[in-house]
Structures are given as C-alpha cells and as structure tokens.
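Descriptive analysis of the structure
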Amino acid sequence: MKNAVIGNNKQKANLIVLGAVPRLLYLLQQETSSTELKTECAVVLGSLAMGTENNVKSLLDCHIIPALLQGLLSPDLKFIEACLRCLRTIFTSPVTPEELLYTDATVIPHLMALLSRSRYTQEYICQIFSHCCKGPDHQTILFNHGAVQNIAHLLTSVSYKVRMQALKCFSVLAFENPQVSMTLVNVLVDGELLPQIFVKMLQRDKPIEMQLTSAKCLTYMCRAGAIRTDDNCIVLKTLPCLVRMCSKERLLEERVEGAETLAYLIEPDVELQRIASITDHLIAMLADYFKYPSSVSAITDIKRLDHDLKHAHELRQAAFKLYASLGANDEDIRKKIIETENMMDRIVTGLSESSVKVRLAAVRCLHSLSRSVQQLRTSFQDHAVWKPLMKVLQNAPDEILVVASSMLCNLLLEFSPSKEPILESGAVELLCGLTQSENPALRVNGIWALMNMAFQAEQKIKADILRSLSTEQLFRLLSDSDLNVLMKTLGLLRNLLSTRPHIDKIMSTHGKQIMQAVTLILEGEHNIEVKEQTLCILANIADGTTAKELIMTNDDILQKIKYYMGHSHVKLQLAAMFCISNLIWNEEEGSQERQDKLRDMGIVDILHKLSQSPDSNLCDKAKTALQQYLA
C-alpha cells in the first residue's frame, strides 16, 4: 500500500474510497499489533494526508487525530516520529481546525516533553506549534507550558530544518503579544541573548526564509514594545533586511511577505517611515510590484509563471499596504508616493479590483494619502478619486466600509474641492445609513462625515442632513453607548446650529426636541468634554434672534447655565459664560428684559465673582459681560 500511494493522488483517493482509513486506524490502535506494523500504518496514513484537502477531510472524519495523539504515548521512538510526521501533515492543512490540538489538556505538556527525543520530534513538533498557534489564547497556553525555554535552545541545533521551525515558532508566539516578547528579550542561549541570535540569522549569507522569519521575530517584538524603535537591531538590521526582500530579485512570496512585514514594522513610527522611504529607493522599487510579471521576467519555469500570474494580486496588495504605512505621517513622503509613475491611477484601479484584500489595501493607501491637505486639493481632485470611492461605499464588507467612510470624512473637509460633487452624488443618504449600523466604527464615521459636511455649509445642505437623518435618529445617536458617536453627534448639532438665520430656522422646526436633548445630556453622567460641547450648542442657540427665547422661557435650562458658571472646571464655566454673553448682548432687541431676568436670578453676582478669577480668560469674559449691564 505504501509503495502504491507515494506521489500518486489518484491511488490515495482510491484507497480512501475503498475504506482503508478505518482499517489502518484499527491496526494502529490494536494492543496486539507489533510496533513495526503500527509504524507502517502511521506512515501510510501520513502519505494519504499528503494528498488533496479532501483526503485530509476524510482522515479527520475518521477521528485520526485522537488516535495519533494516543500513539505518542508509546515508548518506541520510530513509531512516535511516524505519528508526529502524520500529525504535522494534517495540522498544516488549511482544512484542519487548530482547536483539535488543544481539546485534551495533556497533549501540549506531552509534546513539550517529546521535544528532547530526536531532531525529527523537534522539527515536527515546532512545525505543529507554529501552525496551530492562532491568537492570544493559544499563545498563552504554549507560553505557560514553557514553550520559550523548551524551544530557545533549538535555535542552535545542527539541523537547519529544526532551527527554521523553532524560529517560526517564536514569530507566531511574539506576534502582538507583549508578555511573550518581553520574555524573549532576556532569554539566553549559550550565553547569547535571543535578539542577538535573531540578528545573526538576518545576515545576507543566510537562506532567505531564515532572514525573513528572524526579521519577523524582531518586528513583532518591536511592535509589542519589547524592543525600542530606535534600537540598532531595528534601524540598522531589521529594516534594511525587509527592504532587501522587496527587490526584483526575490520570489513573489518573499516580496509579498517582506513588504507586508515592513508595513507593520513602520506603521506607528514616523522616524522609521522616513528611514525606510530613503532606503534603497524603496518607493520606486514598490512601483515594480504593479508590473509583474513583466515581459522580460526571468521566469523560465512555466509552473512558476502560472503560479505567479495567479498570485500577482498579492503583490499589489502588499505594495498598497506598505505605501499606506510609509505615507501615514510625513507630507514629503506622501508627495513622493503620489509622484511615483501613475500612482493615483493604480490606486483608483485597485479600488475596483475583484479581490477584497486588494480593494481594502487600496482604500487604506488612499486614506493614508488623504491626510494631506495639499493632496486633497491637487492629486485627489485631478483624479476625481471621490467617484470610485463612492462606488466602493455602495455595498462593501464592513472592514472596507470603515476605512472608506473614514476617508470620506477627509474628502468632506470644508477646504476639499471634492465636497460639492460628493454631495451631489447622494452622499447624505449613504452617510445617514451608516449611522444606523451595528458597527460603532461605522456609526462614528457616518456621523463624523456629516459633521464635516455641515461645517460652514449652506442652509439647503443642513436641511438635507436633518431630513435624511430624521430627528428620531439624531436623538438615538445622542444616547448612543459609544462616546465617540455622542461627541461627533454633538459636533454635528453644533455645526448645524451656526449662523443666525440657520439657527432660527432649525430651532423653529426642531427647537422643542433639541432643547429636550440638551437638558438630558446636561443632567446625565457625562464627562467634561461632552458637557462642554453641549453648552457650546446652547451658546449657539443663544446667538439666534428668535431662538434665544427658547432658552429665556425655559427656567430649567437657565438654572443649569447658572450652575455651570459656578462649576469647578474652567472649560465648563467658559462655555456657560458664552451662553450668558449671547443672551445679554446689548445691541439686540429685548436685551433689557433678558438682562433683568438674569439679574433677578443672581447671574450678575456670579459675574462679579468671576471677574476676580485667577483664570485670565474667564476674568476677561466676565468683565466684558458686566459692561453690557453698565452700557
């Protein structure tokens, strides 16, 4: 059987259909089977697992994993190795759920103990760990069972395969995990610290796979806060190594992994972004990611060419990701990226690609570039970027929507020339729709974009927003559990209620509800920023001509303003002062009656007290207000 199935997928499928798997598993678990027989069974099963994904599914359906794990308890090393080899093949298949390794709590400690048995147990077990460690829960289990101590010394093994699998283990253990990363920094192997060993494995004379994986280890430790971003091992070793991986000479997978890892390394740090942008002409080098495979490509192997054509979109995705990280903060780098040949056209094309990953990366890249006022006014306008962006927003998955709507916020800033055409293409309805999303990030972006849209806008746009959003939805957002949503909604209200005719118009139709909402927020358990925004909205209302009366006839609100004038927090006192100043301003009709009413409430006494305030801003405002009474 073994000889029939090696390298022959058709024969493997035939044997499975004929029911060989349950029979082999039966022999493997029989007490009476000799160790040689059991070992042969494990080898045949391992060969069957090497075939298609359907083969692996058939093996899983026969509960092969518990049977093989049971086999690891045998005293015979050859049998253990055969079981581990088969387990390795099954666990590295995409159809196998990683959880199956963790269902029985005794498995991980037993695997740790087997690590010392032979170079094969070391290679297979490390490979199983690195494939089955997905997320913080798995990292914690492996870490608590001594993975770091047990695997560290394997980095100096004589076997390249063992060194490589141990290295991969460390990269998955350290990813986004401060606890593991902080531990790794201080681990000694033969008198050398782990980061120094990783740096040695980065050197140009080492195999590419090893260079890349050690660069990942150092990157992840750096991002988890265990290595400083200005440490030499990052600036002089890891970063240049990852840039090297982006060059034309490297294979497609290496270029993809190199660019994605570099994007992750430099994402939060402007200094690393600047260094990367001037290393080996990286920005120009990435432009080649879009011309792949080129006609002069040195690919002689037809199989390779076929593979690369199928995966060329991964290169584009990686380039967009890295451009997004490079341009995250620095204006000059953004300019360089945009001036790279046909860059804006490439991004715009990326927005409509069939692959979700490429679309997401293209939107991220655009979003990063849209942080620049200069670019919003020039390149973004020349390429009418808003058109494909509005199309992306029509029916995209949430992860794309979050980034695309966040970018729309930037395009709707008052100085952006794209604002007008975006409004005409139905953006208001689209954004109002986002504010009803289950996803808080989408609610925030929808309301944020509406807030930017309403800033210094004409009455028609404001009326459109209020009509599309509906007052019910506006008040739903004012009681949203997400603080960001609440703050942006208050910002929207404040922008809607600016310039007198607009204030009076909106308050004449929605005054009652708005005053109710303001009262609720000022009475609620909210932080200083929320209350300050709310008082600023009141100050805007107090600036209206007819709208003022809604405050003057509402004793509850007047008492609240009085309360906040005497508050311990200066920001709130100032905001309350604005309300009072707008109500008592002399040149306006009815100011005398308003001044008298407020004097009777004791406001003047408070103003006298505030005019002695140590805070110069508050003191000035109080004096100005008192002058209104004297004029």
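Residues numbered from 1 in each chain as written. Predicted model: local features only at pLDDT ≥ 70, side-chain atom pairs only at ≥ 80, totals over all residues. Heavy atoms only, no water.

We now examine helix 40 (residues 603–610). When we look at burial in helix 40, the residues that qualify are Ile-603, Val-604, Ile-606, Leu-607 and Leu-610. In an axial view of helix 40, the angular spread of the buried residues amounts to 160 degrees, which keeps them on one side of the axis. Across from the buried face of helix 40, at angles greater than 90 degrees, the exposed residues are Asp-605 and Lys-609. On the buried face of helix 40, the contacting elements are helix 37 (555–565), helix 38 (570–584), helix 39 (591–600) and helix 41 (616–630). (Buried < 20%, exposed > 50% of the residue type's maximum accessible area, 1.4 Å probe, protein only. Helix = DSSP H or I, 4+ residues; strand = E, 2+ residues; numbered from the N terminus. Arc of directions from axis to C-beta. Contact = heavy atoms within 4.5 Å.)

On to the UniProt feature "repeat: ARM" (unreviewed entry) in the chain, then. When the UniProt feature table is mapped to this numbering, "repeat: ARM" (unreviewed entry) covers residues 19–55. Between the C-alpha atoms that bound residues 19–55 there is a distance of 12 Å. The span itself is 76% helix and 0% strand. (UniProt positions renumbered as here; feature names shortened; annotations may be inferred.)

Here we take up the packing of aromatic side chains. Counted by the stated rule, this structure contains seven aromatic pairs. Here the aromatic rings of Phe-175 and Tyr-264 are separated by 5.6 Å at their centres, their planes lie at 45 degrees, and the arrangement is tilted. Here Phe-175, found in the loop between helix 12 (160–174) and helix 13 (178–185), pairs with Tyr-264, found in helix 17 (residues 252–266); they are 89 residues apart in sequence, far enough to count as distant. You can call Phe-175 partly exposed: its relative accessible area is 34%. With centroids separated by 4.9 Å and ring planes inclined at 70 degrees, the aromatic side chains of Tyr-563 and Tyr-564 adopt a geometry described as edge-to-face. Taken together, the aromatic side chains of Phe-175, Tyr-220 and Tyr-264 make up a single cluster linked through ring pairs. One cation-aromatic arrangement involves Arg-223 over Tyr-264; the distance from NZ or CZ to the ring centre is 4.3 Å. Geometry around Trp-448 places Lys-488 over its ring, the cationic atom sitting 4.3 Å from the centre. (Phe/Tyr/Trp six-rings, centres within 6.5 Å; stacked < 30°, edge-to-face > 60°. Lys NZ or Arg CZ within 6 Å of the ring centre and 35° of its normal.)

Counted under the stated rule, the structure contains 32 salt bridges. In this structure, Asp-205 and Lys-206 form a salt bridge, with 3.8 Å as the shortest nitrogen-oxygen distance. On the basis of relative accessibility, which here comes to 28%, the residue Lys-206 falls in the partly exposed class. By sharing partners, the salt bridges in this structure join Lys-248, Asp-288, Lys-291 and Glu-341 into a single network. (Salt bridge = Lys/Arg side-chain N within 4 Å of Asp/Glu carboxyl O.)

By the secondary structure assignment, Ser-325 is in helix 20 (residues 302–326). With a relative accessible area of 6%, Ser-325 lands in the buried category. For Ser-325, the side chain forms a polar contact with the main-chain oxygen of Ala-263, separated by 2.8 Å. Once residues lying within four places of it in the same chain are set aside, the contact partners of Ser-325 are Ala-263, Ile-266, Glu-267 and Gln-273. (Polar contact = N/O pair within 3.5 Å; in protein donor to acceptor, adjacent residues only side chain to side chain.)

Attention now moves to helix 5 (residues 53–61). Every buried residue of helix 5 is listed here: Asn-55, Val-56, Leu-59 and Leu-60. Seen from one end, helix 5 has its buried residues packed into an arc of 140 degrees, which puts them on one side. Opposite the buried face of helix 5, at more than 90 degrees from it, the exposed residues are Asn-54 and Asp-61. At its buried positions, helix 5 is contacted by helix 2 (9–17), helix 3 (20–29), helix 4 (35–49), helix 6 (64–71) and helix 7 (77–91). Looking one or two places after helix 5, you find His-63, whose phi comes out positive at around 60 degrees.

Turning our attention to unusual backbone geometry. Comment: phi is negative for the bulk of residues other than glycine, and the bulk of peptide bonds are trans. Of note in the backbone geometry, Asp-190 takes a positive phi value of approximately 50 degrees without being a glycine. Secondary-structure assignment places Asp-190 in the loop between strand 1 (188–189) and strand 2 (192–193). Even without being glycine, Asp-280 reaches a positive phi, approximately 50 degrees. By the element assignment, Asp-280 lies in the loop between helix 18 (270–277) and helix 19 (282–287). Assessed through its relative accessible area of 46%, Asp-280 is described here as partly exposed.

With that out of the way, let us pick up the packing of helix 32 (residues 471–478) against helix 34 (residues 500–523). Across the interface, helix 32 lies against helix 34 with an axial gap of 11 Å and an inter-helix angle of 10 degrees. Our classification of the angle between helix 32 and helix 34 gives roughly parallel. Within the contact between the two elements, helix 32 uses Thr-471, Phe-475 and Leu-478 and helix 34 uses His-510, Gln-513, Ile-514, Ala-517 and Ile-521. Residue composition of the contact of helix 32 with helix 34, by class: five nonpolar, three polar and no charged. (Axes fitted to C-alpha atoms, helices over the stretch in contact; angles between N-to-C directions. Parallel < 35°, antiparallel > 145°, perpendicular 65-115°, else oblique. Nonpolar A, V, L, I, M, F, W, Y, C, P; charged D, E, K, R; others polar.)

Examined against the element boundaries, Met-515 turns out to sit in helix 34. Judged by relative accessible area, Met-515 falls into the buried class, the value being 5%. When neighbours within four sequence positions are excluded, Met-515 is seen to be in contact with Met-507, Leu-538, Ile-541, Leu-550, Ile-551, Asn-554 and Ile-557.

Counting residues in each nonpolar core, the largest one holds 231 residues, and the members touching the most others are Phe-170, Leu-326 and Leu-538. In this structure Leu-538 touches Met-515, Val-518, Leu-522, Ile-551, Ile-557, Ile-561 and Cys-579, once residues within four positions along its chain are discounted. (Core = buried A, V, L, I, M, F, W, Y, C linked by side-chain atoms within 4.5 Å.)

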